[in-house]
Amino acid sequence: MTRGQTVFIALLTALYLCFELAFNARLLDVVGGAPSTDALHRIEVFGRSLSGIAVALVVLQVLLGRRQRSGRRSPSFMAIAFWCALSGGVVYGSLQTLVEGLVAASTPAFRRASLNIVLVQRALVDGRVQLAGLDDDAALFSQPAGKAFLAQFPVMAASVDRLDEKIHDAKLTLITRQVEQGFGGPAAYYDRYAEAVKKTQEQWRRYARMPGATDVDGEVARRQDQAWGDYLSDLGRRGWTPSTVPANAQDAVRRKVRQRVPVPASWDLADEATFRDAVATQVRRKADRAGAQALTVKGRRIPPGLGWPAFFAHPGVQAELRDKLHLPAGVALQPAYRDGAEFQREVFQPLVAKVAREEQVRYDAPAEDFADGRPLAERGVEAARAAIVPPVALFFSLLGAVGHLAKLSYLLLSLVVSAVPAWQARTRFLWATPFAVLALVWVVLSWTDNAVTQSRLYGYMRDQVRDGLTQPEDTGVRGWLLGNALHVVAVGQGYGYPVNELVRTRLLGGLTYGYVPPTR
């Protein structure tokens, strides 16, 4: 490339590095904090996009060099743009396929283990459990090294021998706390209870306004008097009485009356008894319809005349409330509680215990229930994704940052060499610069430790990962490579995070990449 092209590519690479380093910091916040499925998906999209841009920059550099060597004839700028866009799209899709393939290929045993491991991971983030053999610093998991360990914890713990046995005693407690958090705690659940009580009270008010069996006769008499009085008033405004309506107006009067009262079509305008019978039939039918609709709850008829406390305590109303609030059958709700402690003891804790027991059955289910097509396959796949995506995303992010840092050093060095005539003959050796930088960084990180990688627990889990990949006929290379990659990521993220976070907050104005850490 020309000197101008080299400067252009160097500037683009430096700009990309800023966004990649900032993304790496935000990625560590996400994957080191037991992320939700939505948060993980959003950060994945940004990660794949940046990886696609990284490869597109390499393709751009190669094609610009080729165009320069061809005397600026080929490829055209249109072709360069096409190949850059194509390469970026291919990398984006390939990374997505890689992750989806790893998740889909996960075994039922791995999915089951991942479900249990993610449970422990969330408890670590919340500070509800401690791991023996790890640094005792209470703030460890808010530090870069601790976040990197949390990101790797699921995939490393999946290789631990007899894992289910080791977490069995604490499992129900962890599930119970997770269920409590899922409901938002007692205060948030009380708000749901209060809203349900409010709607039940509105239901009672509608019920109280309806005529019950004990007062239908009184309602009939009242409506009869009112309807007959209205009829007489209408006639009186014309100077008529029921017996003095002219013959030519009787049909019109009869039609008008029938719009409000179902008297017979041949009704005599002076027949008060038939009029009153029609009103009584109308009122009783309406009362029957209202009673059939509003006085039956969950298939149980509610007797008329109940006050608010008796209505609330009715078995049908209680059953409906338990369904709305997902409460166990033994809970008897009250329309009000003395204080929060009473509500938590009588309502919230029985609910949490019921749901936790149901959840534990799923966590303890046999591995075959997590196979494709089985009842827990979806839960298992989701847990496997939570275990696989974080270390993979961190690895490619670190690789992209270090790789383009090496490329930037090559570009800057080439600019310096080309500016010194005595050094220009040595430009053919510059291609080795990126590889030398990568190798140097990798070696340094491989031989460097932090508080996590020095711990007894990390060493034990790393050995379990290596042993899990080593077969009797193998040399152990695969296990060593994976263990080394995990070590490099753990150490590299620990040392790189402060710089990356500075770039994100200072140079890029606090770019969030679609993720805002939850307040605790």
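Refer to the preceding data block for the structure.
Predicted model only: the values in this text are computed from it and were never measured.

## Quick look at the overall build of the protein chain
For the protein chain, the count of helices and strands is 17 helices and two strands. Taken over the C-alpha trace, the protein chain has a radius of gyration of 38 Å; the compact-globule value for 520 residues is 24 Å, which it surpasses by more than 25%. The principal-axis extent of the C-alpha atoms belonging to the protein chain is close to 130 × 65 × 45 Å. Looking at the 520 residues of the protein chain, the share that counts as buried comes to 43%.

## Observations regarding the side chain of Arg112
Turning to its location among the elements, Arg112 is positioned in helix 4 (residues 108-125). Residue contacts for Arg112: discarding those within four places in its chain leaves Asp164, Tyr363, Asp364, Ala365, Pro366, Ala367 and Phe370.

## Let's talk about a nonpolar patch on the surface
Together, Phe82, Trp83, Leu86 and Val90 line one region of the surface with nonpolar side chains, adding up to about 400 Å² of accessible area. The residue Leu86 is located in helix 3 (residues 77-104) in this model.

## So, the layout of surface pockets
Approximately 930 Å³ is the volume attributed to the largest pocket. Considering the residues around the largest pocket, the lining is formed by 35 residues, among which Val58, Gln61, Lys407, Tyr410 and Pro434 are closest to the centre. Mapped by element, the contributors of at least two residues to the lining of the largest pocket are helix 1 (3-31), helix 2 (37-69), helix 3, helix 14 (377-419) and helix 15 (432-446). It is helix 14 that provides the largest number of residues to the lining of the largest pocket, a total of twelve residues. Split into classes, the residues belonging to the lining of the largest pocket amount to 19 nonpolar, ten polar and six charged. The volume enclosed by the second largest pocket comes to roughly 670 Å³.

## Considerations on the packing of helix 1 against helix 2
It is the contact of helix 1 with helix 2, at a shortest axis distance of 10 Å, that shows an interaxial angle of 165°. Viewed along their axes, helix 1 and helix 2 adopt a mutual orientation that is roughly antiparallel. Remark: the crossing between helix 1 and helix 2 carries left-handed chirality. Class assignment for the residues of the contact of helix 1 with helix 2 results in 19 nonpolar, five polar and two charged.

## Brief notes about the packing of aromatic side chains
Under the definition given, this model contains 22 aromatic pairs. Seen in terms of ring centroids, Tyr190 and Tyr193 are 5.4 Å apart; in terms of plane orientation they differ by 50°. Their pairing is tilted. Placement of the pair is Tyr190 and Tyr193 together in helix 7 (residues 185-209), with a separation of three residues, close to one helical turn. The class for Tyr193 is buried, based on a relative accessible area of 3%. Taking the centre distance of 5.6 Å and the plane angle of 75° together, the rings of Tyr337 and Phe343 count as edge-to-face.

## Thoughts on the pattern of salt bridges
Under the definition given, this model contains 19 salt bridges. As a salt-bridge pair, Glu100 and Arg385 come within 2.8 Å of each other at their nearest N and O atoms. Here Glu100, found in helix 3, pairs with Arg385, found in helix 14; they are 285 residues apart in sequence, far enough to count as distant. The class for Glu100 is partly exposed, based on a relative accessible area of 35%. In this structure Arg385 comes out as buried when scored by relative accessible area, which is 17%. The salt bridge involving Asp369 is made with Arg374; its shortest N-O contact spans 3.1 Å. In the salt-bridge network here, residues are joined through shared partners; they are Glu44, Arg48, Glu100 and Arg385.

## So, empty space enclosed by the protein
Considering all chains together, one arrives at two cavities of 30 Å³ or more under this definition. The space that makes up the largest cavity amounts to roughly 180 Å³. Considering the residues around the largest cavity, the lining is formed by 16 residues, among which Glu44, Gly47, Arg48, Val392 and Ala393 are closest to the centre. Elements represented by at least two residues in the lining of the largest cavity include exactly helix 1, helix 2, helix 3 and helix 14. In the lining of the largest cavity, the residues fall into nine nonpolar, four polar and three charged.

What counts and what doesn't
Residues numbered from 1 in each chain as written. Predicted model: local features only at pLDDT ≥ 70, side-chain atom pairs only at ≥ 80, totals over all residues. Heavy atoms only, no water. Helix = DSSP H or I, 4+ residues; strand = E, 2+ residues; numbered from the N terminus. Rg over C-alpha atoms; globule rule 2.2 N^0.38 Å. Buried < 20%, exposed > 50% of the residue type's maximum accessible area, 1.4 Å probe, protein only. Contact = heavy atoms within 4.5 Å. Patch = residues over 30% accessible without salt bridge, like charges linked within 9 Å, V, L, I, M, F, W, Y side chains within 5 Å. Areas by Shrake-Rupley, 256 points an atom, 1.4 Å probe, with all protein chains shown as cover. Salt bridge = Lys/Arg side-chain N within 4 Å of Asp/Glu carboxyl O. 1 Å grid on protein atoms, 1.4 Å probe; cavity = no way out; pocket = protein on both sides within 12 Å on 5 of 7 lines; lining within 4 Å. Points joined across faces, edges and corners; volume = space filled by probe spheres on them. Nonpolar A, V, L, I, M, F, W, Y, C, P; charged D, E, K, R; others polar. Axes fitted to C-alpha atoms, helices over the stretch in contact; angles between N-to-C directions. Parallel < 35°, antiparallel > 145°, perpendicular 65-115°, else oblique. Left-handed = near helix turned anticlockwise from the far one by under 90°. Phe/Tyr/Trp six-rings, centres within 6.5 Å; stacked < 30°, edge-to-face > 60°.

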